[in-house]
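Fold and contact review
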Amino acid sequence: PREPARADPNAAPPVALAAPSSAAPLSIGPPQTKSRRWMVLAVAAYAIAAGLAAALYFYLQRAPEWIVAESHLPFISTPAIERYPALAPDGSLIAYSAGRLVTDRQIYLRLLRGGDPIQLTHETGDASSPAWSPDGKTIAYVLAKPGQPCRLMEIPVPTGQARPIGQCHFSERSAIAFHPSGSALFFSDAAARGAQSRIFKLDLENGRVSPVTHSKVADTSDAEPSISPDGRTLLYNRNVGAVRIEIRTTSL
């Protein structure tokens, strides 16, 4: 019989091979991509929802309300007839017309912080419709006397001598407004005897009077002029017969 083969002492030891397993192999790749993507989308959706909720909250917040204390109380209340309040340019004073009748009123001044009124004019007739000059140094007003065209007057503030600066042609009463430049005065007056009133401009430098408003309808009258702060627009009332009253504007 043949001798069994001898093992080679220099050969590598045999390697045992593992049997195949039915378990799934381990993954050595990147984490699951779908889970991370859904997590990112969820965080983004939450952030957007939170931002929209915050924006809606601030949008629905009401603006702060300004409350004037005791606005229901009269600022000036006497037995006299008080009308035509006009605020000084610096906001410290008001001028107004007051008197027992609408034929003998005078212009008064009063501080907004209180105190007794000061009588500014001492006219024979009815002084009304005070208008502050833009610099606050003078007040223009209308002086009316029965059966006479009204006169446009000016007086220094807080005291001084009144002087005439213009005159209506036909109207016994008027309302006036300064141009912001202080160079002109706007007032209402009739263009002819028996005609309806229109708004006119009085140039205080040369005394020239020129019409500002016009109407092709005979039964209309213009009054109560007011000038915009930039001096470009005239605001006034137009009475259209006994039908209606319009608030109108015109470019200067």
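With that settled, consider the sheet that holds strand S6 (residues 138-144). As summarised here, the arrangement of the 4 strands in space is S5-S6-S7-S8, forming an open sheet in which the pairing is antiparallel. Here the strands that pair on one side only, and so sit at the sheet edges, are strand S5 (126-132) and strand S8 (163-167). Across the sheet, the mean angle separating the axes of adjacent strands is 30° when strand polarity is ignored. Pairing between S5 and S6: 5 bridges, direction antiparallel. Residue pairing in the sheet places Ala127 in a bridge with Leu143 of S6.

Across all of its chains, the model carries 8 salt bridges by this definition. Asp104 is the salt-bridge partner of Arg100, the closest N and O atoms lying 3.1 Å from each other. By relative accessible area, which is 27% here, Asp104 ends up partly exposed. Taking the shortest distance from any N to any O, the salt bridge between Asp222 and Arg238 comes out at 2.7 Å. Taken together, the residues Asp222 in strand S13 (residues 220-227) and Arg238 in strand S14 (residues 233-240) connect sequence positions 16 residues apart.

Attention now goes to the packing of aromatic side chains. Aromatic ring pairs are reported here in terms of the distance separating the ring centres and the angle at which the planes meet. Counting across every chain of the model gives 2 aromatic pairs. A ring pair is formed by Tyr96 and Tyr108, whose centres lie 5.9 Å apart and whose planes are at 25°; its orientation type is stacked. Linking Tyr96 in strand S2 (residues 93-99) with Tyr108 in strand S3 (residues 106-111), this pair joins segments that are 12 residues apart in sequence. A cation sits over an aromatic face here: Arg83 above Tyr84, 4.7 Å from the ring centre.

We now examine the state of the cysteines. For the structure shown, the criterion picks out 1 disulfide. A sulfur-sulfur separation of 2.1 Å characterises the disulfide bridge that pairs Cys150 with Cys168. Taking the sign of the torsion about the S-S bond as the criterion, the disulfide between Cys150 and Cys168, at about -55°, is left-handed. Of this pair, Cys150 sits in the loop between S6 and strand S7 (151-156) while Cys168 is found in the loop between S8 and strand S9 (176-178), placing the two residues 18 residues apart along the sequence. In this pair, the class of Cys150 matches that of Cys168, namely buried.

Rules used in this analysis
Residues numbered from 1 in each chain as written. Predicted model: local features only at pLDDT ≥ 70, side-chain atom pairs only at ≥ 80, totals over all residues. Heavy atoms only, no water. Pairing = 2+ DSSP bridges. Helix = DSSP H or I, 4+ residues; strand = E, 2+ residues; numbered from the N terminus. Axes fitted to C-alpha atoms, helices over the stretch in contact; angles between N-to-C directions. Salt bridge = Lys/Arg side-chain N within 4 Å of Asp/Glu carboxyl O. Buried < 20%, exposed > 50% of the residue type's maximum accessible area, 1.4 Å probe, protein only. Phe/Tyr/Trp six-rings, centres within 6.5 Å; stacked < 30°, edge-to-face > 60°. Lys NZ or Arg CZ within 6 Å of the ring centre and 35° of its normal. Disulfide = S-S within 2.5 Å.

None of the figures reported here should be taken as evidence of function without further support.
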